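Spelled out, the chains give:
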Amino acid sequence: KRSYYRMVEACGGLRGRGGLPVTPKAFRGAVEAMHLSVELDRPLLQRQYEETFAAAMRHARVLQLGGLKGATSEDWTSFVDAALPLCKSLETLYLKDNDALTADIATIVEKCRNSESTLTNLNIGNTACFGDGVLALTGRYQRLTMLNLEGSEVSGAKRALQKVLPPGCWVRVDDWRL
């Protein structure tokens, strides 16, 4: 299976702050700061990285990015904005245990719109994500089999969420929201 970890392995362990994939914008900034012996290589490096990043995200089935303690809220915003819209085959989005991930669930759902027909597992438990889960998820992700919102600030009672999700979808929320 294709995953972010396989991409990191193939790229020799290149990672951004806190373990997140390096976005093309961040890479562009790093390349600008580099001393290159051939200045004409700079735009080539930037273009190649952008193309590689887009191809990797386009084919990614699993983004397992749980527990990345070094990533800041800004890092997460940049990643969500740059990477999730490129994903076209995403089956699992595992972002659990990331305190700095402060995104509205509606934003995550919208950024993942190109994976609506493939996403089966969405885990944003123990994050600072917020927003109306029922409203964001109504009519979306008809293949979803698992949703974890436990420990997040996303609103929505378990029964209300189950009504708008596919039959049999396992939903985990905080006990007080049952």
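Relevant structure appears above.
Residues numbered from 1 in each chain as written. Predicted model: local features only at pLDDT ≥ 70, side-chain atom pairs only at ≥ 80, totals over all residues. Heavy atoms only, no water.

Participant: Would you mind going over the nonpolar core in detail, with residue names and values included?
Facilitator: Buried together is how nonpolar side chains tend to be arranged in soluble globular proteins. Ranked by size, the top nonpolar core spans 44 residues in total, and within it Leu 63, Trp 76, Leu 93, Ile 124 and Leu 165 carry the most contacts. Examining the composition of this core, we find that four residues originate from one element, helix H4 (residues 73–83), more than from any other. Those residues in contact with Trp 76 that lie beyond four places of it in its chain are Leu 20, Leu 65, Leu 68, Ala 71, Leu 95, Asn 98, Ala 100 and Leu 101. (Core = buried A, V, L, I, M, F, W, Y, C linked by side-chain atoms within 4.5 Å. Buried < 20%, exposed > 50% of the residue type's maximum accessible area, 1.4 Å probe, protein only. Helix = DSSP H or I, 4+ residues; strand = E, 2+ residues; numbered from the N terminus. Contact = heavy atoms within 4.5 Å.)

Participant: Describe the environment of Phe 79, listing the residues and the values that go with them.
Facilitator: Mapped onto the elements of the fold, Phe 79 is located in helix H4. Residue classification places Phe 79 among the buried positions, given a relative accessible area of 1%. Between the alpha carbons of Phe 79 and Ala 26 there is a distance of 9.8 Å; along the sequence they are 53 residues apart. Residues contacting Phe 79, with those up to four places away along its chain left out, are Leu 20, Pro 21, Thr 23, Leu 63, Leu 65 and Leu 84.

Participant: A description of the environment of Ala 30 should follow, citing residues and the corresponding values.
Facilitator: Residue placement: Ala 30 occurs in helix H2 (residues 24–33). Remark: the alpha-carbon pair of Ala 30 and Gln 46, spanning 16 residues in sequence, is separated by 9.7 Å.

Participant: Tell me about the packing of aromatic side chains, residues and numbers included.
Facilitator: Ring pairs (aromatic) are described by centroid distance and by the angle formed between their planes. The full count for this structure, using the stated rule, is three aromatic pairs. Ring geometry for Trp 76 and Phe 79: centres 6.2 Å apart, planes at 85°, overall edge-to-face. Of this pair, Trp 76 and Phe 79 both sit in helix H4, three residues apart, which is roughly one turn of the helix. Summarising the burial analysis for this pair, Trp 76 and Phe 79 share the class buried. An aromatic cluster is built from Phe 27, Tyr 49 and Phe 53, whose rings are joined through pairwise contacts. (Phe/Tyr/Trp six-rings, centres within 6.5 Å; stacked < 30°, edge-to-face > 60°.)

Participant: For unusual backbone geometry, give the residues involved together with the corresponding values.
Facilitator: Residues other than glycine seldom take positive phi values, yet Asp 97 does so here, at roughly 65°. Checked against the element boundaries, Asp 97 lands in the loop between strand E2 (92–94) and helix H5 (105–111).

Participant: Tell me about the pattern of salt bridges, residues and numbers included.
Facilitator: Per the stated rule, a full pass over the model turns up eight salt bridges. Here Glu 116 ties to Arg 140 by a salt bridge, and the two come within 2.5 Å at their closest N and O atoms. Highlighted residues: Glu 116 in the loop between H5 and strand E3 (121–123) and Arg 140 in the loop between helix H6 (133–137) and strand E5 (146–148), separated in sequence by 24 residues. Here Glu 116 falls in the partly exposed class, since its relative accessible area comes to 24%. Linked by salt bridges that have partners in common, Glu 110, Arg 113, Glu 116 and Arg 140 make up one network. (Salt bridge = Lys/Arg side-chain N within 4 Å of Asp/Glu carboxyl O.)

Participant: Talk me through H2; I want residue IDs and the actual numbers.
Facilitator: Buried residues of H2: Pro 24, Phe 27 and Val 31, and no others. Axial view of H2: buried residues confined to an arc of 55°, hence all on one face. Across H2 from its buried face, at more than 90 degrees, point the exposed residues Lys 25 and Ala 33. Structurally, H2 contributes buried residues whose contacts are with helix H3 (41–59). (Arc of directions from axis to C-beta.)

Participant: An account of the sheet that holds E5 is requested, with residue identities and associated values reported.
Facilitator: With parallel pairing, five strands are arranged side by side in an open sheet as E1-E2-E3-E5-E7. The sheet is open, and its two edges are formed by strand E1 (62–64) and strand E7 (170–172), each paired on a single side. In this sheet, adjacent strand axes meet at a mean angle of 5° when their direction is disregarded. Judged from the three bridges that link them, E1 and E2 form a sheet pairing that is parallel. Among the inter-strand pairings, Leu 63 is bridged to a residue of E2, identified as Leu 93. (Pairing = 2+ DSSP bridges. Axes fitted to C-alpha atoms, helices over the stretch in contact; angles between N-to-C directions.)

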